[in-house]
Amino acid sequence: MAELRHATAAAAAATRASSSPAKRDAESSASSSPFAASSSSPRGGGGGDGKDGAPRSSAPLHQKYHLPSPLRSLLALEDPRSPSASAFYRILVAVVACLVVTALVSAPSVWSRINAPYLCRKDGIRLHCPRVNERESLWENPHAAAASWKPCAERRNLVPENETSGYIFIHAEGGLNQQRIAICNAVAIAKIMNATLILPVLKQDQIWKDQTKFEDIFDVDYFINYLKDDVRIVRDIPEWFTEKDELFTSIKRTVKNIPKYASAQFYIDNVLPRIKDKKIMSIKPFVDRLGYDNVPMEINRLRCRVNYHALKFLPEIEEMAEKLATRMRNRTGNVNPYMALHLRFEKGMVGLSFCDFAGTREEKAMMADYRQKQWPRRFKNGSHLWSLALEKRKEGRCPLEPGEIGIILRAMGYTKETQIYVASGQVYGGSNRMAPLRNMFPNLVTKEDLASKEEIEHFKKHVTSLAALDFLVCLKSDVFVMTHGGNFAKLIIGFRRYMGRHRLKSIKPDKGLMSKFFGDPYMPWATFVEDVMITHQTRTGLPESTFPHYDLWENPLTPCMCRA
């Protein structure tokens, strides 16, 4: 019995010793090293044998490796009811909840970005572009900026001379708008030389092939009467002059080799003496033969007076244009603003640009043949045209295709409900080329769609009459958009600026920037929209400060407008 009591007491003492804090700390320290745990594990323990016959350690994971208490709690190695474990669980639950909420909120945006096209998705000949919300500033410039200038070319600071130095006679060449500029310049040089102007002849152009006379388009009586205090203008060659056939055939009666954008002094020194000598002279050729910044301010103001006040279309043309504009605004039964789009993509313009455009091999071969026939010197053998075309597109010197201008307009925020009047000749490529634009903007019409056959037939006698209708409808539009340069576009923009219609936008797309965008297949639509909006904030037709060699017809600010 004594032995039994002694054994029992010894066992109890051993148990107390093994559960002491010092003993536990020592064992925990020893087990923190893998090597120590392996060497101190008793043989014969459970867990199976290793390759060397030694039994594997059966120590728990938290005894093999020292883990932070929160992580041990997460792995169910520590009581989750402990203070450190409960705090960690609260933090973990909060983080997971935040991640779940963020994922739910951003999921639609991420999904739309994944599925949205970079620009526009092409489906055959159609383009499908993402919708952009319509903005409040789509149709108007800021009122403060637009109302700061007013026209003042009507002021007459010039006093006509009593006697004339002679007569001048010109042929106004080109299309309607080139002819308009020539007429304005003719009045200006007549004033510079104190000469009498014979009513200009509208010369038949190779492209237009039109025999229109001045009186078929413009109100002659109004023209002469309005300018009577500035220059003398007569309807025809004086009766006393018997050599009428020689005016454009005889070298004796023709002034040639006038430099482009000649100064006022050049005319006084080189042309006026011949007029005084011969009494009547013709000037040939007469396209851009008078500069802008090398003539007196009064002469530039006179040119504005001719362009914006004296040159009026015939009443029947004005009335028909007003009908077309009214019908554009009332096509849906409600009064809506409308956009006028000057789409310069005729075969002649495409060929003359020497740019490369999308198309089949057959189309490209036919265009190459056309260019070689029309412009053999520029075409040469065609080997240099590819690099030239790429360079011109980067520099923004290529006409925008119908689909390209459609993408730009959609990026600006114009919706498919926008009413668009198209001023254009026969578009190169026909309906297939127009399909992408028409698909994005189905409310797209021409003057032939708005007018009846009987109404339009009367104006088909003269091609320039049809051009005059386009000119006036574009002038009256709420937004005017050009796709390429030219006299038509710059005269419209200048006219809207001068007459106070610059409050309504005249958009001049940045074609060079657009070419970079169209050449980047990885540009997201949202980035494209943002860049289009930023780039075109200052390209909306507000009057701009002039600079040397500026174009008077597009920006008449300095000589012809005054602070309001």
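Residues numbered from 1 in each chain as written. Predicted model: local features only at pLDDT ≥ 70, side-chain atom pairs only at ≥ 80, totals over all residues. Heavy atoms only, no water.

The protein chain is annotated in an unreviewed UniProt entry as O-fucosyltransferase family protein from Oryza meridionalis. In its Sequence similarities (unreviewed entry) section, the UniProt entry covering the protein chain states "Belongs to the glycosyltransferase GT106 family." (UniProt positions renumbered as here; feature names shortened; annotations may be inferred.)

Asks: Could you give an account of the nonpolar core, with specific residues and numbers?
Replies: Counting residues in each nonpolar core, the largest one holds 92 residues, and the members touching the most others are Met193, Phe223, Leu227 and Tyr267. Tallying contributions element by element places helix H8 (residues 176-192) first for this core, with eleven residues. Residue-level mapping places this core at the junction of two domains, with at least three residues from each of domain 1 (167-309) and domain 2 (315-563). Non-local contacts of Phe223, meaning those with residues more than four positions away in its chain, are made with Ile183, Val187, Leu199, Phe214, Ile233, Val306, Ala310 and Leu311. Leu341, Leu385, Ile507 and Phe528 belong to the second-largest nonpolar core, a separate cluster that totals 45 residues. (Core = buried A, V, L, I, M, F, W, Y, C linked by side-chain atoms within 4.5 Å. Buried < 20%, exposed > 50% of the residue type's maximum accessible area, 1.4 Å probe, protein only. Helix = DSSP H or I, 4+ residues; strand = E, 2+ residues; numbered from the N terminus. Domains from an automatic or database assignment. Contact = heavy atoms within 4.5 Å.)

Asks: How would you sum up the packing of helix H22 (residues 463-476) against helix H23 (residues 487-498)? Please name residues and give values.
Replies: Describing two packed helices takes the angle between their axes plus the distance from one axis to the other. Here H22 crosses H23 at 40°, and the two axes come no closer than 10 Å. It follows from the interaxial angle that H22 and H23 lie oblique. Along this stretch, H22 crosses H23, giving a crossing that reads as right-handed. Contact residues: H22 offers Ala467, Asp470, Phe471, Cys474 and Leu475, while H23 offers Phe488, Leu491, Ile492, Phe495 and Arg496. For the contact of H22 with H23, the residue count by class is eight nonpolar, no polar and two charged. (Axes fitted to C-alpha atoms, helices over the stretch in contact; angles between N-to-C directions. Parallel < 35°, antiparallel > 145°, perpendicular 65-115°, else oblique. Left-handed = near helix turned anticlockwise from the far one by under 90°. Nonpolar A, V, L, I, M, F, W, Y, C, P; charged D, E, K, R; others polar.)

Asks: Lay out unusual backbone geometry in plain terms, naming residues and giving numbers.
Replies: Cis geometry is found at the peptide bond from Lys284 to Pro285, where omega equals -10°. Here Pro285 lies in the loop between strand E9 (280-283) and helix H12 (297-310). Non-glycine residue Asn257 carries a positive phi angle of around 60°. Checked against the element boundaries, Asn257 lands in the loop between strand E8 (254-255) and helix H11 (264-278).

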